[in-house]
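Structural description and commentary
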Amino acid sequence: MTLYHFGNCVALLTPYYFTYKYSGLSEYGAFWKCVQAGGIYIFTQLVKMLVLATFFYSDAPSSSGDFNFFAEILRCSADIADLLGFALILSRIPGKGHSKLITAGLGWATAEVILSRGIMLWVGARGTEFSWIYILKCLESNVLLVQHITTATLIWLFTRHDLNKALKPLVSLLLAVTVFKGVWLEGMLHILTIGPWLTVAVKALVAAVIGFCTLHIYSGLAQQIGI
């Protein structure tokens, strides 16, 4: 029964496989490029840990269940390193068009799932006691996949010199919204005190809205430059 529950959790991560299989990455042999993106993710997280431990360390953690806006702002400020990590991936991975962006986002998201949720699923989902938390974590991982591909696209758009200047502020705004989502979104969810299922649904809706706006900007530029 426990192995069956673990299999169900892993099955919820199949969008990662479908993204790789049906986006054309398998035809381009982009597997090792995704691995390279995952390696840059690991390096970026190590840098973030050092920055947070050195400059943003606090001796007075908030009590359990409280939302510390100041601590979240500091933590999200360190998330700017993720943007630099995506920029590094995009500069090192050859190619153009959607394949390059999906490679960066998929490699980053896969590394995050393996490192932040892999052990938890292997140990917890195979435990003797059933818990919905592992199902929720897998569903949230799919939301993060959309978010990371969107972030890679926004970074690519931000670095383009042929992007309409009127759209630059919108791209910058979407990047700021993405980086500081831990402040405004988590804060809003904490104030509303909604359940875990509705929380995942709200996060999916936010990721979908940001992704749709990004896709609209990207498609316009892609038609303009012919990619």
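Residues numbered from 1 in each chain as written. Predicted model: local features only at pLDDT ≥ 70, side-chain atom pairs only at ≥ 80, totals over all residues. Heavy atoms only, no water.

The protein chain goes by BOS complex subunit TMEM147 in an unreviewed UniProt entry, where it is assigned to Drosophila yakuba. Annotation of the protein chain in UniProt includes, under Sequence similarities (unreviewed entry), the sentence "Belongs to the TMEM147 family." (UniProt positions renumbered as here; feature names shortened; annotations may be inferred.)

In this section: the overall build of the protein chain. Helices and strands together make up the secondary structure of the protein chain, namely eleven helices and zero strands. The order of helices and strands in the protein chain, counted from the N terminus, is α-α-α-α-α-α-α-α-α-α-α. Looking at the 227 residues of the protein chain, the share that counts as buried comes to 42%. In the protein chain, the share of contacts with a sequence separation of at least 24, taken over all contacts with a separation of at least 6, comes to 77%. Within the structure as shown, the protein chain displays about 12,900 Å² of accessible surface, and the carbon and sulfur contribution to it stands at 69%. (Helix = DSSP H or I, 4+ residues; strand = E, 2+ residues; numbered from the N terminus. Buried < 20%, exposed > 50% of the residue type's maximum accessible area, 1.4 Å probe, protein only. Contact = heavy atoms within 4.5 Å. Areas by Shrake-Rupley, 256 points an atom, 1.4 Å probe, with all protein chains shown as cover.)

A few words on the packing of helix 2 (residues 14–22) against helix 8 (residues 133–158). Viewed as axis vectors pointing N to C, helix 2 and helix 8 meet at an angle of 35 degrees, and their least axial separation amounts to 9 Å. Together, P15, Y16 and T19 of helix 2 and S141, N142, L145 and I149 of helix 8 make up the contact between the two elements. Residue classes in the contact of helix 2 with helix 8 are distributed as four nonpolar, three polar and no charged. (Axes fitted to C-alpha atoms, helices over the stretch in contact; angles between N-to-C directions. Nonpolar A, V, L, I, M, F, W, Y, C, P; charged D, E, K, R; others polar.)

All right, on to the pattern of salt bridges then. Using the criterion set out here, one finds six salt bridges in the structure. One salt bridge connects D162 with R160, and the closest N-O pair in it is separated by 2.7 Å. In this structure R160 comes out as partly exposed when scored by relative accessible area, which is 24%. Each of R117, E140, E186 and K203 takes part in a single network of salt bridges with overlapping partners. (Salt bridge = Lys/Arg side-chain N within 4 Å of Asp/Glu carboxyl O.)

Further remarks concern the nonpolar core. Counting 30 residues, the largest nonpolar core has I89, W156, L157 and V171 as its most contacted members. Elements with a minimum of two residues in this core: helix 4 (31–55), helix 6 (80–92), helix 7 (98–124), helix 8, helix 9 (168–179), helix 10 (181–192) and helix 11 (196–225). Per element, the largest residue contribution to this core is six residues, and it comes from helix 11. Non-local contacts of L157, meaning those with residues more than four positions away in its chain, are made with L163, K168, V171, T214, I217, Y218 and L221. With 17 residues, the next largest nonpolar core counts C9, I102, A109 and L145 among its residues. (Core = buried A, V, L, I, M, F, W, Y, C linked by side-chain atoms within 4.5 Å.)

Together, I42, L46, M49, I114 and L115 make up a nonpolar patch on the protein surface, roughly 500 Å² of accessible area in all. Listing elements by their share of the nonpolar patch, those giving two or more residues are helix 4 and helix 7. Looking at the nonpolar patch, the element that brings in the most residues is helix 4, giving three residues. Topologically, I114 is positioned in helix 7. (Patch = residues over 30% accessible without salt bridge, like charges linked within 9 Å, V, L, I, M, F, W, Y side chains within 5 Å.)

Quick look at helix 8 now. Taking 1.5 Å as the rise per residue, helix 8 with 26 residues should run 38 Å; its terminal C-alpha atoms sit 36 Å apart, in good agreement. Within helix 8, 21 of the 26 residues are buried, which leaves the element mostly enclosed by the surrounding structure. (Expected span 1.5 Å × (residues − 1).)

Let us now look at the side chain of D79. Tracing the backbone shows D79 in the loop between helix 5 (69–78) and helix 6. The exposure class assigned to D79 is buried, which follows from its relative accessible area of 13%. There is a polar contact of 2.7 Å between the side chain of D79 and the side chain of K48. If we skip the residues at most four places from it in the chain, D79 touches K48 and V179. (Polar contact = N/O pair within 3.5 Å; in protein donor to acceptor, adjacent residues only side chain to side chain.)

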